[in-house]
Amino acid sequence: MFELENALDEYLSHLRIERGASPRTAEAYRRDLERYLAFLDEQGVGSCDAVTPEIIAAFEKRLVEEGLATTTVRRRISAVRGYHKFLVREGLTASNPAEAVDIPKAADVLPDVLSIEEVGRMLDAYIDERPSGLRDRAILEVLYGCGLRVSEVCGLDLDNLHLDDGFLRVFGKGSKERIVPIAGAAERALRTYLAEGRSTLARGAAVANPDARAAVFLNQRGGRLGRQSVFNLVRKAGRAINRYDLHPHTLRHSFATHMLKGGADLRVLQEILGHADMSTLQVYTHLDRTHLHEEYAHAHPRDKM
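Residues numbered from 1 in each chain as written. Predicted model: local features only at pLDDT ≥ 70, side-chain atom pairs only at ≥ 80, totals over all residues. Heavy atoms only, no water.

Peer 1: Give me the lowdown on helix α5 (residues 116–125), citing residues and values where you can.
Peer 2: For α5, the complete set of buried residues consists of E118, V119, M122 and L123. Viewed along the axis of α5, the buried residues span an arc of 125°, placing them on a single side of the element. Seen from the open side of α5, the exposed residues pointing more than 90 degrees away from its buried face are I116 and D124. Turning to α5, the residues buried within the fold contact α6 (131–146), α11 (227–239) and α12 (248–261). (Buried < 20%, exposed > 50% of the residue type's maximum accessible area, 1.4 Å probe, protein only. Helix = DSSP H or I, 4+ residues; strand = E, 2+ residues; numbered from the N terminus. Arc of directions from axis to C-beta. Contact = heavy atoms within 4.5 Å.)

Here you go:
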């Protein structure tokens, strides 16, 4: 068992250093794989070569019997697969027993999205001329107008902004850099915050911190705004349109859906959102097909007969 536990530490270092995984992602992998190693210990498995496809299948069955969500089971088995692939690469074992184990099919669940009208009402209702209000309006506009993740908004630095050229330089999952267009209401709200709000927030004590000096979005103390503050802001904004469970990722999903409805090319959207795999976007094409069917039913003369 020592061999497997020792290899786990090496694998997590590999994720952080070579794969660029964030500390949060690495910690999630640690929790999932520690649960897996505990199961192997129960089964009396003490070395890499002793793991078989049948044992991994039994682990998957255990997860299902515990009543875990399909997404959780998929994530843990994916973590196991990646771990065993690493063990083969490092020469600690000759084969990957996890390759033969099927990952449960993901449930076909469409993401929650706002309508264009709901987004408009939410943003029109958020008027606050205080520095923090200008900041919050800019965050909401950028979340929806650019389709950014929470971590990407919080991680924006001043030198990532190229507003005269109409784009942001964003660092997404695995610290991968991409260029995201910004225009219209999102650009105007961001410029207003930078011109009229940020300097007041920057007078806080934390401005001496180099990271705070670089950050676009600051808290009341002058430090970099955190994820939880953005979650709270979006939840508060959602209450204006009776959406009491509104999540920042809902604004990202809404951005993607509305872009497709507006005629955006799928590959361009993939580039903007920072998805490595085109298949990740298939859920949005499904939403778009639903929209097309509604338009057809509304407009086609034969459909009314």
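Peer 1: Run through the pairing of strand β3 (residues 177–181), naming residues and quoting values.
Peer 2: Side-chain alternation along β3 places R178 and V180 on a buried face and E177, I179 and P181 on a face that remains uncovered. Relative to β3, strand β2 (residues 167–171) runs antiparallel, the two being bridged by five bridges. If you follow L168 over to β3, its bridge partner there is V180. In sequence, β2 turns back onto β3 through a hairpin of five residues, with G174 there showing a positive phi of about 70°. (Pairing = 2+ DSSP bridges.)

Peer 1: Summarise the sheet that holds β2; cite the residues concerned and give the values.
Peer 2: Spatially, β1-β2-β3 is the arrangement adopted by the three strands of the open sheet, whose pairing is antiparallel. Strands at the two margins of the open sheet, each flanked by one partner only, are β1 (161–162) and β3. The pairing of β1 with β2 spans two bridges and is antiparallel. Following the sheet pairing, H162 is matched in β2 by F167.

Peer 1: Just give me the short version of the pattern of salt bridges, but keep the residues and values in it.
Peer 2: Per the counting criterion, the structure on display carries 19 salt bridges. R35 is the partner of E66 in a salt bridge, and the nearest nitrogen-oxygen pair spans 2.7 Å. Of this pair, E66 sits in the loop between α3 (53–65) and α4 (70–89) while R35 sits in helix α2 (residues 23–42), placing them 31 residues apart in sequence. Judged by relative accessible area, E66 falls into the partly exposed class, the value being 40%. With a shortest N-O distance of 2.9 Å, R178 and E152 are connected by a salt bridge. (Salt bridge = Lys/Arg side-chain N within 4 Å of Asp/Glu carboxyl O.)

Peer 1: An account of the environment of D159 is requested, with residue identities and associated values reported.
Peer 2: Mapped onto the elements, D159 comes out in the loop between α7 (150–154) and β1. When its relative accessible area of 53% is taken as the criterion, D159 is described as exposed. Within the structure, D159 has its side chain in polar contact with the side chain of N160 (distance 3.4 Å). (Polar contact = N/O pair within 3.5 Å; in protein donor to acceptor, adjacent residues only side chain to side chain.)

Peer 1: Please provide a residue-by-residue account of the nonpolar core, values included.
Peer 2: Ranked by internal contacts, the top residues of the largest apolar core, which has 49 residues, are L148, L168, L190, Y193 and F217. Mapped onto this core, the elements with two or more residues apiece are α5, α6, α7, β2, α8 (184–196), α11, α12 and α13 (266–273). Looking at which element gives the most residues to this core, the answer is α6, with eight residues. When near neighbours in sequence (up to four residues on either side) are disregarded, L148 contacts V142, L143, V153, L156, L168, V170, R178, V180 and R252. In terms of nonpolar packing, the next biggest core, distinct from the first, is built from 28 residues, Y11, L40, V45 and A79 among them. (Core = buried A, V, L, I, M, F, W, Y, C linked by side-chain atoms within 4.5 Å.)

Peer 1: Requested: an account of α3, with residues and values cited.
Peer 2: Along its 13 residues, α3 runs 18 Å from first to last C-alpha, staying within 8% of the 18 Å computed at 1.5 Å per residue. Within α3 the residues assigned to the buried category are I55, I56, F59, E60 and L63. The buried residues of α3 occupy one face: seen down the axis, they fall within an arc of 145°. Relative to its buried face, α3 has exposed residues pointing more than 90 degrees away, namely E54, K61 and E65. Lining the buried residues of α3 we find α2 and α4. Following α3 by one or two positions, G67 has its phi on the positive side, about 80°. (Expected span 1.5 Å × (residues − 1).)

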